[in-house]
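What follows is the residue order along each chain.
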Amino acid sequence: MTQQGAVLQGYNNELVKCIEDLCMQKEELNKQIQQAEEEKNKLQHEIQVLNEQLNCVCEDLARKVASRNELDKILAETEAAYMKILDSSRTLLNVLKKEVGSLKHTTELKTN
């Protein structure tokens, strides 16, 4: 019976050692889980900050694109008006040249 008690005591010692090993593994795993959760929280915070920055950049970009589109419209209208002015100036110059030519011709006829 003593031999069986010794065998039983050996099993018990091994069981206790296995349980202690499992407890140590659990503690280590708990530390790793805690570190992973901290890293996850840190990354989520960084993502939130980056999303806020992205929203600001997108809003700024939208404002700038709208301003550029408005400037494009103003430039197109201004260029069209300027082209009309140039055309009118050319027409005016041609009319003036004809008038001057007519006046010269009329004064030449009167002097002859």
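Worth saying up front: this structure is predicted, and the values here are computed from it rather than measured. (Residues numbered from 1 in each chain as written. Predicted model: local features only at pLDDT ≥ 70, side-chain atom pairs only at ≥ 80, totals over all residues. Heavy atoms only, no water.)

### Focus on the overall build of the protein chain
Move 1: When its secondary structure is counted, the protein chain shows 1 helix and 0 strands.
Move 2: In terms of C-alpha radius of gyration, the protein chain reaches 47 Å, well past the compact-globule figure of 13 Å for 112 residues.
Move 3: Overall size of the protein chain, expressed as C-alpha extent along the three principal axes, is 160 × 15 × 10 Å.
Move 4: The proportion of buried residues among the 112 residues of the protein chain is 0%.
Move 5: With an accessible surface of roughly 10700 Å², the protein chain has 61% of that area assigned to carbon and sulfur atoms. (Helix = DSSP H or I, 4+ residues; strand = E, 2+ residues; numbered from the N terminus. Rg over C-alpha atoms; globule rule 2.2 N^0.38 Å. Buried < 20%, exposed > 50% of the residue type's maximum accessible area, 1.4 Å probe, protein only. Areas by Shrake-Rupley, 256 points an atom, 1.4 Å probe, with all protein chains shown as cover.)

### Focus: the pattern of salt bridges
Move 1: Within this structure, the stated rule accounts for 4 salt bridges.
Move 2: Here aspartate 21 ties to lysine 17 by a salt bridge, and the two come within 3.5 Å at their closest N and O atoms. Of this pair, aspartate 21 and lysine 17 both sit in helix α1 (residues 2-111), separated by 4 residues, roughly a single helical turn.
Move 3: Between aspartate 87 and arginine 90 there is a salt bridge; the shortest N-O distance is 2.5 Å. Placement of the pair is aspartate 87 and arginine 90 together in helix α1, with a separation of 3 residues, close to one helical turn.
Move 4: A network of salt bridges, in which partner residues are shared, links Asp60, Arg63 and Lys64. (Salt bridge = Lys/Arg side-chain N within 4 Å of Asp/Glu carboxyl O.)

### Quick word on a nonpolar patch on the surface
Move 1: Taken together, the side chains of Tyr82, Met83, Ile85 and Leu86 make up a nonpolar region of the molecular surface, amounting to roughly 410 Å² of accessible area.
Move 2: For isoleucine 85, the position within the fold is in helix α1. (Patch = residues over 30% accessible without salt bridge, like charges linked within 9 Å, V, L, I, M, F, W, Y side chains within 5 Å.)

### Overview of the environment of isoleucine 33
Move 1: With respect to the element layout, isoleucine 33 can be found in helix α1.
Move 2: Judged by its relative accessible area of 41%, isoleucine 33 is partly exposed.

### A look at the state of the cysteines
Move 1: Summed over the entire model, instances satisfying the criterion amount to 0 disulfides.
Move 2: Of the cysteine sulfurs around cysteine 18, a residue in no disulfide, the closest is that of cysteine 23, at 11 Å.
Move 3: Overall, cysteine 23 belongs to the partly exposed group, its relative accessible area being 41%. (Disulfide = S-S within 2.5 Å.)

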